[in-house]
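Commentary on secondary and tertiary structure
One letter stands for each residue in the lines below.
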Amino acid sequence: SDLGALVAAQSVCRACPRLVEWREEVATVKRRAFAQETYWGRPIAGWGDERPQVLIVGLAPAAHGGNRTGRIFTGDRSGDWLFASLYRTGLAAQETSVRAGDGQRLIGARMVAAVRCAPPANKPEPAERAACSPWLAREIALASAGLRVVVALGGFAWQAVWPALRDAGYTLPRPRPPFGHGAEVEIVSPEGAAVRLLGCYHPSQQNTFTGRVTERMLDDVFTRANVLRGL
Ligand code: SF4
């Protein structure tokens, strides 16, 4: 399939030297708790429904999360928060996402990272965001037929998703509205369908630990996504 070809092509991408070095170093050194595991150590593909109504755009894989398990938001704290909310709101089949083969699946939803390789300190650079943008644009274009909602998790994903949507053929308002939790922008797909872009604070450990993001706040956004996809 086109999506299979995309996954295969991105899995060998080495366009960002800093990130290639980091993803591979982490996969070699490992964290003690995961010493027996073979880390993925490569770009993280989009994951979920192949014909999604809801596309969730994250920041980048965690060094010992997605970069270890090979699946986005799988095996780290941010993912625990995110999947629990998706489960409560009917977008995921299980409450947790532990590893490939755990039975987890997304329901009418797909996840993709704005930057597909794990960055040092979870902070990709703008140049790396730009380098990875064509992958995101291709993923959006392939998902576009039935897409109704795009959820950007955090300001970085919000920044990343605008050029990728534009390159995927979407019509976007100008000027670009600022990111915020609960921000909602109407955009138009290449097929002429009304699509909503939603902003949501990222469920990073820093945000969840400080209470900047609560379960309720995540549930509100994904409940809204569920309403919009049914319209
Ligand atoms: Fe390639 Fe994206 Fe990884 Fe950079 S972050 S090496 S563009 S897959």
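1. Remarks on the packing of helix 1 (residues 2-10) against helix 5 (residues 126-143)
- Between helix 1 and helix 5, the least distance of the axes is 10 Å, while the angle of their chain directions is 170°. Classified by the angle their axes make, helix 1 and helix 5 are roughly antiparallel. Where helix 1 crosses over helix 5, the handedness of that crossing is left-handed. Residues Asp2, Leu3, Leu6, Ala9 and Gln10 of helix 1 pack against Trp135, Arg138, Glu139 and Leu142 of helix 5.
- In terms of residue class, the contact of helix 1 with helix 5 is built from five nonpolar, one polar and three charged.

2. Here we look at the environment of Arg88
- Inspection of the secondary structure assignment puts Arg88 in helix 4 (residues 77-88).
- Given the relative accessible area of 37%, Arg88 is considered partly exposed.
- On a C-alpha basis, the gap between Arg88 and Ala100 in space is 21 Å, while along the polypeptide they are 12 residues apart.

3. Some thoughts on the pairing of strand 3 (residues 109-113)
- With five of five residues buried, strand 3 lies mostly within the body of the structure.
- Going residue by residue along strand 3, you find Ala109, Met111 and Ala113 tucked away on one face and Arg110 and Val112 tucked away on the opposite face as well.
- In the sheet, strand 1 (residues 47-48) pairs with strand 3 via two bridges, with the strands oriented antiparallel. Pairing of Trp47 across the sheet is with Met111, part of strand 3.

4. Regarding the packing of aromatic side chains
- On inspection of all chains with the given rule, the structure shows four aromatic pairs.
- Taking the centre distance of 6.0 Å and the plane angle of 55° together, the rings of Phe179 and Tyr201 count as tilted. Here Phe179 is found in the loop between helix 6 (155-167) and strand 5 (184-188), whereas its partner Tyr201 is found in the loop between strand 6 (194-200) and helix 7 (205-209), with 22 residues between them in sequence.
- Three or more aromatic residues joined by ring pairs make a cluster, and in this case those are Trp158, Trp162, Phe179 and Tyr201.
- Its end group placed over the ring of Trp40, Arg42 keeps NZ or CZ at 4.3 Å from the ring centre.
- Positioned over the ring face of Phe156 is Arg129, at 4.8 Å from the centre of the ring.

5. Notes on the layout of surface pockets
- Each pocket or cavity is described by its volume, and for the largest pocket that value is around 910 Å³.
- Together, 34 residues line the largest pocket, and Ser78, Asn122, His202, Ser204 and Gln205 are the ones closest to its centre.
- Breaking the lining of the largest pocket down by element, the ones donating at least two residues are helix 4, helix 6 and helix 7.
- In terms of residues, the lining of the largest pocket owes the most to one element, helix 7, which gives three residues.
- Among the residues forming the lining of the largest pocket, the class breakdown is 15 nonpolar, 13 polar and six charged.

6. A word on the side chain of Gln10
- Along the chain, Gln10 turns up in helix 1.
- Once residues lying within four places of it in the same chain are set aside, the contact partners of Gln10 are Pro43, Ile44, Ala45, Arg116 and Trp135.

7. A word on the site of the ligand
- In the region of the ligand, the neighbouring residues are Cys13, Ala15, Cys16, Leu19, Pro43, Val115, Arg116, Cys117, Ala131, Cys132 and Trp135.
- Of all the elements, helix 5 adds the most residues to the shell around the ligand, at three residues.
- In terms of residue class, the shell around the ligand is made up of 10 nonpolar, no polar and one charged.

Basis of the calculations
- Residues numbered from 1 in each chain as written.
- Predicted model: local features only at pLDDT ≥ 70, side-chain atom pairs only at ≥ 80, totals over all residues.
- Heavy atoms only, no water.
- Axes fitted to C-alpha atoms, helices over the stretch in contact; angles between N-to-C directions.
- Helix = DSSP H or I, 4+ residues; strand = E, 2+ residues; numbered from the N terminus.
- Parallel < 35°, antiparallel > 145°, perpendicular 65-115°, else oblique.
- Left-handed = near helix turned anticlockwise from the far one by under 90°.
- Contact = heavy atoms within 4.5 Å.
- Nonpolar A, V, L, I, M, F, W, Y, C, P; charged D, E, K, R; others polar.
- Buried < 20%, exposed > 50% of the residue type's maximum accessible area, 1.4 Å probe, protein only.
- Pairing = 2+ DSSP bridges.
- Phe/Tyr/Trp six-rings, centres within 6.5 Å; stacked < 30°, edge-to-face > 60°.
- Lys NZ or Arg CZ within 6 Å of the ring centre and 35° of its normal.
- 1 Å grid on protein atoms, 1.4 Å probe; cavity = no way out; pocket = protein on both sides within 12 Å on 5 of 7 lines; lining within 4 Å.
- Points joined across faces, edges and corners; volume = space filled by probe spheres on them.
- Near = heavy atom within 4 Å.

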